[in-house]
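# Chain and residue survey
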Amino acid sequence: MSSSIIVLHDRDNVGICKVALPAGVLYAEKDVTLQRDIPALHKFAIRPIAQGEAILKYGQTIGFASQDIPAGEHVHVHNCIMGQLEKDYGFCEETKPTAFLPAEKRATFQGYKRLNGKVGTRNYVGIITTVNCSATVAKAIAQHFTFSGELEKYPHIDGVVAMTHDSGCGMRSDGEGYETLRRTFNGYARHPNFGGVMMVGLGCETMQIQRVMQECGLADSKTFTAYTIQDVGGTRLAIEKGIETLRAMLPLVNECQRETVPASELIIGLQCGGSDALSGVTANPALGIAGDILVRHGGTVILSETPEIFGAEHLLTRRAESPAIAQKLLDRISWWEDYTARNDFELNNNPSPGNKAGGLTTIIEKSLGAQAKSGSTNLTDVFLYGEDITTKGFVFMDSPGYDPVSATGQVASGAQILCFTTGRGSAFGCKPAPSIKLATNSKIFAHMNEDMDLNCGKVLDGEVTLEQNGQEIFEEILAVASGKKTKSELLGYGDNEFIPWKIGAVV
């Protein structure tokens, strides 16, 4: 990988330029001369490709030639289109036994044991708003504790955070949209990274607090409480009530301290954003290796962003542990095809302008690189957005490709840490689950060093192997789970990134 040109698979008919290369450069291994200037991370034909012929990268079809493409020609959106791709779903054909480590050899971390049996990696106090109308009150309460200095008395508490959003009313009181938002509230209310939770509503909204609590099986306790602004008499009184309530809760939350727990308690959300052509070459496969390691230690990894596996779902169905699990994944793909069609949208619109500038051409190419995060272990189950993860191993949770919405769902499903790969330099952080940022290339790692936690570009530079980089990521996960602050935490990210998925009309 040390040359300026990469060919990823023996079947490929395109190569990738690691750096911008001018016309006339010779790719000696194939005796091909570049016909024009090729931007960094973009593709060129390493042999002639006839009109209608499949364009191959990763040994897989990423699109079809819309015209004859001579050897050495730039291959991108001007001459590569989606076309009709036939997929061999091969249900369960590549499933294999997982080599779990014996209990005595499994890794551990320092986490917070909760009464519900789950384990946290952080110890926040959360204020969950059931509707946008209570956002101002929730933020005022959180800001009081942030700026008053009261938290200094509680060294085992990471902070008080207000989870505000722009929904909760003007929606149906049943159906997909309601259930999705309710699952999100339930997941956050029970999340092990919260030592205490307070739920605040307005009082007249669609998402009625008492109904939500009843449906979720939530009840008032010393570390969970709920009220509405209208019930207590208005904004000022609601803020005062919230402050007094949390003052009583903080000493109890502070009593919880870190202790040694097995890595099998970890649930990691896999994310990628600001992807480039190297995402599927360095950071994503390295993260996949780290996920494989965690699965062998008994833990769980969540792949999501359903539109960003479109075109690569056959690689996951082949690893499903049962035909029923494979079909559950295809059912979610079908739902998305219908969802985008009725909203006058196409799944191939998913690659962003930044993705395309970074060398990605079609959603299939992006998806093939994105699914590399999933590693190589069996697909053990498929879950709805924000649904409680009840299966160990590698699982899939349905979500949009928009990172903050997808991450919110993964946290609601139980992820205590996010691992986020980026090639263009995505700026994202999350509360209550810390986000580890993995740079796909050394250039962006150096350029945005204050935002990036690990450099996966070292693989491309020949400094480490993918396996070594995957082990490094796994060790970083354990360190962050034990309290090491991520770059996004140090920068203060996470107070504005709670964005539940809105499905359905707003009326």
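Before going into details, it helps to say that this report is about the structure given with it. Note that this is a predicted model, so its numbers are computed, not measured.

So, on to the sheet that holds strand E20 (residues 393–397). In space, the seven strands of this open sheet follow the order E19-E20-E18-E17-E21-E22-E23, with parallel pairing throughout. Strands with a single pairing partner mark the edges of an open sheet, and in this sheet they are strand E19 (379–383) and strand E23 (454–455). Pairing geometry for strand E17 (residues 267–272) and strand E21 (residues 417–422), over five bridges, is parallel. Bridged to Cys-272 within E21 is Thr-421. Packing of helix H8 (residues 323–342) onto the sheet brings it into contact with E19 and E20, and relative to E19 it is tilted by some 40°.

Our next topic: the layout of surface pockets. Where empty space is left becomes clear once a probe the size of a water molecule has been rolled over the atoms. Estimated volume of the largest pocket: approximately 590 Å³. The wall of the largest pocket is formed by 22 residues, among which Arg-114, Leu-115, Phe-194, Gly-195 and Thr-223 lie closest to the centre. Among the elements that make up the lining of the largest pocket, the one with the highest residue count is strand E14 (residues 194–201) (four residues). Looking at the lining of the largest pocket, its residues break down into eleven nonpolar, six polar and five charged. In this structure, the second largest pocket spans a volume of roughly 500 Å³. Those elements that place two or more of their residues in the lining of the second largest pocket are helix H1 (135–148), strand E13 (159–163) and helix H15 (487–490).

Inspection of every chain in the model, using the stated rule, returns one cavity of 30 Å³ or more. Within this model, the largest cavity holds a volume of roughly 50 Å³. Surrounding the largest cavity, Tyr-58, Ser-275, Asp-276, Ala-277, Ser-279, Gly-280, Asn-284, Leu-360, Glu-365, Lys-366, Gly-369 and Ala-370 form its lining. At four residues, the largest contribution of residues to the lining of the largest cavity is made by helix H10 (residues 363–370).

Here we take up the packing of aromatic side chains. What the rule picks out here adds up to ten aromatic pairs. An angle of 90° between the planes, with centres 5.2 Å apart, marks the rings of Trp-336 and Tyr-339 as edge-to-face. Here Tyr-339 and Trp-336 lie together in helix H8, a separation of three residues that amounts to about one turn. Just as Trp-336 is buried, Tyr-339 falls in that class too. Members of the aromatic cluster, each reached through a chain of ring pairs, are Trp-335, Trp-336, Tyr-339, Tyr-385 and Trp-501. Directly above the ring of Tyr-227 sits Lys-241, whose terminal nitrogen or CZ lies 5.4 Å from the centroid. The cationic tip of Arg-342 hangs over the ring face of Trp-335; the distance from NZ or CZ to the ring centre is 5.8 Å.

As a further point, take H1. In this model, H1 (14 residues) spans 20 Å end to end at C-alpha, consistent with the 20 Å of a helix rising 1.5 Å per residue. All buried positions along H1 are accounted for by Ala-135, Val-137, Ala-138, Ile-141, Ala-142 and Phe-145. Where H1 is buried, its residues contact strand E12 (124–129), E13, E14, strand E15 (224–228), helix H4 (229–232) and helix H5 (235–254). Among the residues trailing H1, Gly-149 stands out with phi positive, at a value near 85°.

Now for the pattern of salt bridges. A complete count under the given rule lists 27 salt bridges for this structure. Across the pair Lys-328 and Asp-381 runs a salt bridge whose closest N-O atoms are separated by 2.8 Å. Within this pair, whereas Lys-328 is found in helix H8, its partner Asp-381 is found in strand E19, the two being separated by 53 residues in sequence. With a relative accessible area of 14%, Asp-381 lands in the buried category. Put simply, Asp-398 and Arg-332 hold a salt bridge, and the shortest N to O gap is 2.9 Å. Highlighted residues: Asp-398 in the loop between E20 and helix H11 (403–412) and Arg-332 in helix H8, separated in sequence by 66 residues. A relative accessible area of 1% places Asp-398 in the buried class.

Right, let's get into the nonpolar core. Of all hydrophobic cores here, the largest spans 103 residues; its most connected members are Ile-55, Ile-268 and Ile-473. Discounting residues that sit within four places of it in the chain, Ile-268 has contacts with Leu-294, Thr-300, Val-301, Ile-302, Ala-415, Ile-417, Cys-419 and Ile-477. Core analysis: the second largest hydrophobic core is formed by 24 residues, Ile-127, Phe-145, Met-198 and Leu-246 among them.

So, on to the side chain of Ser-374. With respect to the helices and strands, the residue Ser-374 is situated in the loop between H10 and E19. Among the residues examined, Ser-374 registers a relative accessible area of 2% and is labelled buried. There is a polar contact of 2.9 Å between the side chain of Ser-374 and the side chain of Arg-319. Apart from the residues within four sequence positions on either side, Ser-374 is in contact with Leu-270, Gly-288, Asp-292, Leu-303, Leu-316, Arg-319 and Phe-394.

Next up on the list: the sheet that holds strand E7 (residues 60–65). Spatial strand order, E6-E7-E9: three strands in an open sheet with antiparallel pairing. Each edge of the open sheet is held by one strand with a lone partner, namely strand E6 (54–57) and strand E9 (80–81). On the sheet, H10 packs against E6 and E7 and is oriented at approximately 165° with respect to E7.

Procedures and definitions
- Residues numbered from 1 in each chain as written.
- Predicted model: local features only at pLDDT ≥ 70, side-chain atom pairs only at ≥ 80, totals over all residues.
- Heavy atoms only, no water.
- Pairing = 2+ DSSP bridges.
- Helix = DSSP H or I, 4+ residues; strand = E, 2+ residues; numbered from the N terminus.
- Contact = heavy atoms within 4.5 Å.
- Axes fitted to C-alpha atoms, helices over the stretch in contact; angles between N-to-C directions.
- 1 Å grid on protein atoms, 1.4 Å probe; cavity = no way out; pocket = protein on both sides within 12 Å on 5 of 7 lines; lining within 4 Å.
- Points joined across faces, edges and corners; volume = space filled by probe spheres on them.
- Nonpolar A, V, L, I, M, F, W, Y, C, P; charged D, E, K, R; others polar.
- Phe/Tyr/Trp six-rings, centres within 6.5 Å; stacked < 30°, edge-to-face > 60°.
- Buried < 20%, exposed > 50% of the residue type's maximum accessible area, 1.4 Å probe, protein only.
- Lys NZ or Arg CZ within 6 Å of the ring centre and 35° of its normal.
- Expected span 1.5 Å × (residues − 1).
- Salt bridge = Lys/Arg side-chain N within 4 Å of Asp/Glu carboxyl O.
- Core = buried A, V, L, I, M, F, W, Y, C linked by side-chain atoms within 4.5 Å.
- Polar contact = N/O pair within 3.5 Å; in protein donor to acceptor, adjacent residues only side chain to side chain.

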